[in-house]
Amino acid sequence: VAQKMLKGIRGGCYKANYLAINRTLIGARQQLIGQTTSIYRVKAGDLRKNLTLNKATNSKPIGVIHSKGYPLPLISFKTNPTRPKIMKRGTLMRAAVRRDSGMKAIHSFVQKLKNGHVGVFHRVGKSRYPIKQNYSLSAPSMLKHTCSDEKMQRYINTRYAKELTQQVKFLLSKSILFPIFPILK
């Protein structure tokens, strides 16, 4: 149907296809983040940093969402306190990674390093230094446990169909088709 409608526009079908794929990729990434943050108490921005989009082009109409990364720092999840402050002796820091579990007490503290990085640290041994940062799950492992393939495939199919019709309408409204007359001398 799109080919018939865009017959008069040069490369219109290809353009509508890759634009629809790219818009679908952005929506699918948002859907992945939404599903993950509904189960884990991770900040959406920290999760988005670990998702890369390989967008479709006119010559390569394939889009890919790729997730790779190391375990995220514990400060990316729900912690109390979230900023460095002096804690009374005996009070424990609390942290939660999943939404279905409560906040657990951990023997750690929040510290801002000289380079500006804020993180949750614990002491190694009895002396003041060295300290080590606490980490939790990585983005790929969270995505693997939260997102079902068939649910995402259904979402992508419906979103792509909707985006393709939108892009066809957009290209038709943008182009003005002039009849081509031979120029007589």
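Everything numeric here is computed off the predicted structure, so don't read it as measured data. (Residues numbered from 1 in each chain as written. Predicted model: local features only at pLDDT ≥ 70, side-chain atom pairs only at ≥ 80, totals over all residues. Heavy atoms only, no water.)

## Let's talk about the pattern of salt bridges
- A complete count under the given rule lists 4 salt bridges for this structure.
- Ionic pairing is found between Asp46 and Lys49, a salt bridge with its closest N-O pair at 3.8 Å.
- Judged by relative accessible area, which is 67%, Lys49 ranks as exposed.
- For Arg98, the salt bridge is made with Asp100, and the minimal N-O distance between the two is 3.2 Å.
- Judged by relative accessible area, Arg98 falls into the partly exposed class, the value being 34%.
- A residue is classified by how much of its surface remains accessible, and Asp100, at 60% relative accessible area, is exposed.
- The network of salt bridges with shared partners includes Arg23, Arg159 and Glu163. (Salt bridge = Lys/Arg side-chain N within 4 Å of Asp/Glu carboxyl O. Buried < 20%, exposed > 50% of the residue type's maximum accessible area, 1.4 Å probe, protein only.)

## Overview of the pairing of strand 7 (residues 109–112)
- Sheet analysis places strand 7 next to strand 8 (residues 118–123), joined by 4 bridges and oriented antiparallel. In the strand pairing of strand 8, Phe109 is matched with Phe121.
- Adjacent in sequence and paired antiparallel, strand 7 and strand 8 are bridged by 5 residues, among which Gly116 carries a positive phi angle near 100°. (Pairing = 2+ DSSP bridges. Helix = DSSP H or I, 4+ residues; strand = E, 2+ residues; numbered from the N terminus.)

## Overview of the packing of helix 2 (residues 12–39) against helix 4 (residues 139–146)
- Where helix 2 meets helix 4, the axes come as close as 9 Å, and the angle between the chain directions of the two elements is 90°. One finds that helix 2 runs roughly perpendicular with respect to helix 4. Only Met142, Leu143 and Thr146 of helix 4 make contact with helix 2, whose side of the interface consists of Leu32, Gln35, Thr36 and Ile39.
- Taken together, the residues that form the contact of helix 2 with helix 4 break down as 4 nonpolar, 3 polar and no charged. (Axes fitted to C-alpha atoms, helices over the stretch in contact; angles between N-to-C directions. Parallel < 35°, antiparallel > 145°, perpendicular 65-115°, else oblique. Contact = heavy atoms within 4.5 Å. Nonpolar A, V, L, I, M, F, W, Y, C, P; charged D, E, K, R; others polar.)

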